[in-house]
Amino acid sequence: MEFIDLHNHLAWHVDDGIKDKEEAIAVLNQARREGIKTIVATPHFVPGTHKQEDVLRINDRIDELKELAKQYNVQILKGCELFMNHSFLDMVDQQLVNPVENTNYLLVEFDVRKQLESQDVVEDYLYELAIRNYRVIIAHVERYFPKKLDLERLKALYQEGYVFQINKSSLLGLHGKTIQKNAFQLIDHGLAHIVASDCHRVKGRDISFRKVHDLIVHKYGDRMATQLCYSNPLHVIQGEDVEMVKKKSRLLNILKRR
């Protein structure tokens, strides 16, 4: 099985992710073993903190990563994870952001330390990106709800066309039972488009996909696992519309296992 990772922090020594070139090499070796053929490097871009010179420095590191990854038969594409704070439009309007390379898809995150319910500007911020012709991917949606998902709000955002990404580490329980439950509920309610690694380390929050792929296959079947871990990420890097991901009925899943 081949995988595409749309969210990770593999470009070393530019954010809180991979710390040095040696660790990046270890992750690239892991990616090769796991069957990850394409990785979109998405370092944190923090408006108000990152200036033009910082963005140029980070992009130079992504270019260095691209060359390094060729030795491991891994393709690196340029991207970023834009932090949606009160200054984000300054960075966007100065074109100091990286959409997923050669597309208008842009990965964004909100403050995971705050409940999404308390962030009443979310819809306004997303709208500002939409009218600028960005197709927005919301990173790790499951992590904004430390108590339980606000399904009605999420369904409204989904209907507006925003793409929902969930972390494989959430599905595996690395962020606690509530976040794990949230992640599975997103899939159960047809509110997940993409699973990505959000890799920060060689171990723990690593880049591996096979375990989470097998878990999704067990719970939902091969087709959904492929959509979440490969097909929809492929649509993104090709600049195409993503597919709706709906689970089969429970009865069909039971019959499939017999």
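Residues numbered from 1 in each chain as written. Predicted model: local features only at pLDDT ≥ 70, side-chain atom pairs only at ≥ 80, totals over all residues. Heavy atoms only, no water.

Asker: Looking at this model, I keep getting lost on the nonpolar core. Mind explaining?
Answerer: If you look at soluble globular proteins, the nonpolar side chains tend to sit buried side by side. Judged by nonpolar contacts, the single largest core of 71 residues is most densely connected at Leu82 and Ile216. For Ile216, the contacting residues outside a window of four places in its chain are Leu171, Val195, Gly221, Met224, Ala225, Leu228 and Cys229. (Core = buried A, V, L, I, M, F, W, Y, C linked by side-chain atoms within 4.5 Å. Buried < 20%, exposed > 50% of the residue type's maximum accessible area, 1.4 Å probe, protein only. Contact = heavy atoms within 4.5 Å.)

Asker: Looking at this model, I keep getting lost on the sheet that holds strand β7 (residues 135-138). Mind explaining?
Answerer: Two pairing modes exist for strands in a sheet, parallel and antiparallel, and in both the strands are linked by backbone hydrogen bonds. Taken in spatial order, the six strands of this open sheet run β3-β5-β6-β7-β8-β9, and their pairing is parallel. Either end of the sheet is taken by a strand with one partner, and the two such strands are β3 (44-45) and β9 (194-196). Pairing analysis gives four bridges linking strand β6 (residues 105-109) to β7, with the strands arranged parallel. Looking across to β7, one finds that Leu106 is bridged to Val136. (Pairing = 2+ DSSP bridges. Helix = DSSP H or I, 4+ residues; strand = E, 2+ residues; numbered from the N terminus.)

Asker: Explain the pattern of salt bridges here, please?
Answerer: For side chains bearing opposite charge, pairing can occur when the charged atoms are close. Inspection of the entire model under this criterion finds 14 salt bridges. For the salt bridge of Asp93 with Arg132, the shortest nitrogen-to-oxygen distance reads 2.8 Å. Taken together, the residues Asp93 in helix α3 (residues 88-93) and Arg132 in the loop between α4 (122-130) and β7 connect sequence positions 39 residues apart. Residue Arg132 is classed as partly exposed on the basis of its relative accessible area of 30%. A cluster of three or more residues bridged by salt bridges with shared partners is formed by Asp93, Glu128 and Arg132. (Salt bridge = Lys/Arg side-chain N within 4 Å of Asp/Glu carboxyl O.)

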